[in-house]
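Understanding the architecture of this molecule
Chain by chain, the residues run as shown.
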Amino acid sequence: ASSPGAGELTNASLSQTIEAACPSASNDDPNGATLVPYSVNSAYPNCQVINGTTVGASNSSASAATGSDVWYRFTAQSSAVSIQLTSSSFDDNIELYQKVGSNYVLMAGGTENVSSGASDFERLNYAGLTPGTVYYVSVGAASGSTTGTFQLCIQTLRASGCAYSIPEIGRAHV
């Protein structure tokens, strides 16, 4: 047997550590917004809850808030909508957007973050939608990097053609 020459290894052991990729939310930006079908939330005031999470989400550049958020989209069935958000781990924030060209534009008065702190409840009642138009909703933390699970409801408030709407609770934007 010959002895190893310069630069040769006799007993080499290589180890490689493979770390799992960080989970990412598929609806972390408005282009990947999850569709909320009309039939899911059509019987106001009863609401079928959508369970979601911001785990793996980041602060999307399209959102006005500075916390981790995820996106949903819905087609307006009437001129008003009620959006409710509840979580236990972050300060809830709701933002309503419309897509104009390739940009997502925050609707005037389309932000709700009245309560503060973890475990708060937010409800945005918004009037002035155009039936048949797709709208986008950013939900998540108002600021910071706290993430967690939440419950969301996006629901028609009234049929188009009604003279006025009276929200059950919350704030109305006209």
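Residues numbered from 1 in each chain as written. Predicted model: local features only at pLDDT ≥ 70, side-chain atom pairs only at ≥ 80, totals over all residues. Heavy atoms only, no water.

Let us look at the overall build of the protein chain. Looking only at helices and strands, the protein chain has zero helices and 10 strands in total. Written out in order from the N terminus, the α and β elements of the protein chain read β-β-β-β-β-β-β-β-β-β. For the protein chain, buried positions account for 39% of its 174 residues. In the form shown here, the protein chain has an accessible surface area of approximately 9,400 Å², with 50% of it arising from carbon and sulfur atoms. (Helix = DSSP H or I, 4+ residues; strand = E, 2+ residues; numbered from the N terminus. Buried < 20%, exposed > 50% of the residue type's maximum accessible area, 1.4 Å probe, protein only. Areas by Shrake-Rupley, 256 points an atom, 1.4 Å probe, with all protein chains shown as cover.)

When pLDDT is averaged along the protein chain, the result is 78, and 69% of the positions lie at 70 or above. Counting contacts from residues 13–21, a segment whose pLDDT is below 50, to residues more than four positions away or on other chains yields zero contacts. Overall, residues 162–174 carries pLDDT values under 50, and its contacts beyond four positions in sequence, including any with other chains, amount to 26 contacts. (pLDDT = per-residue confidence, 0-100. Contact = heavy atoms within 4.5 Å.)

Turning to the pairing of strand E5 (residues 92–100), a few remarks are in order. Both E5 and strand E8 (residues 134–141) contribute to a ladder of seven bridges, which runs antiparallel. Paired with Asn93 across the two strands is Gly140, which belongs to E8. The sheet contact formed by E5 and strand E6 (residues 103–112) spans six bridges and is antiparallel. Residue Glu95 lies in a different strand from E6, and its bridge partner there is Thr111. Here E5 hands over to E6 after two residues, with Gly101 in that stretch at a positive phi of 65 degrees. (Pairing = 2+ DSSP bridges.)

Within the secondary structure layout, Thr75 lies in strand E3 (residues 69–75). Thr75 gets classed as partly exposed once you look at its relative accessible area, which sits at 31%. As a C-alpha pair, Thr75 and Thr156 span 81 residues in sequence and 9.9 Å in three-dimensional space. Beyond its immediate sequence surroundings of up to four residues, Thr75 is in contact with Gly132, Thr133 and Val134.

Let us now look at the pairing of strand E9 (residues 149–156). When you tally the buried positions in E9, you get six out of eight residues, the bulk of the element. Inspection of the sheet shows strand E2 (residues 50–53) paired to E9 by four bridges, in the antiparallel sense. For Gly52, the partnering residue across the bridge sits in E9 and is Phe150. Two elements, strand E4 (residues 80–87) and E9, share seven bridges in a ladder whose sense is antiparallel. Across the sheet, the residue bridging to Gln84 is Cys153, located in E9.

With that settled, consider the nonpolar core. Counting residues in hydrophobic clusters, the biggest one holds 25 residues, and the most contacted among them are Tyr72, Phe74, Ile83, Leu96, Leu129 and Ile154. For this core, the secondary-structure elements that each account for two or more residues are E3, E4, E5, strand E7 (121–127), E8 and E9. If you tally residues by element for this core, the top one is E8, at four residues. Ala33, Trp71, Tyr104 and Tyr136 belong to the second-largest nonpolar core, a separate cluster that totals five residues. (Core = buried A, V, L, I, M, F, W, Y, C linked by side-chain atoms within 4.5 Å.)

This part takes up the packing of aromatic side chains. Under the defined criterion, the tally for this structure stands at five aromatic pairs. An angle of 80 degrees between the planes, with centres 5.0 Å apart, marks the rings of Tyr104 and Tyr136 as edge-to-face. Of this pair, Tyr104 sits in strand E6 while Tyr136 sits in strand E8, placing them 32 residues apart in sequence. Of the two residues, Tyr104 and Tyr136, neither departs from the other in class, the shared state being buried. (Phe/Tyr/Trp six-rings, centres within 6.5 Å; stacked < 30°, edge-to-face > 60°.)

One open sheet accounts for five strands, arranged E1-E3-E8-E5-E6; its pairing is mixed. Of all strands in the sheet, those with a lone pairing partner are strand E1 (34–35) and E6, marking the two edges.

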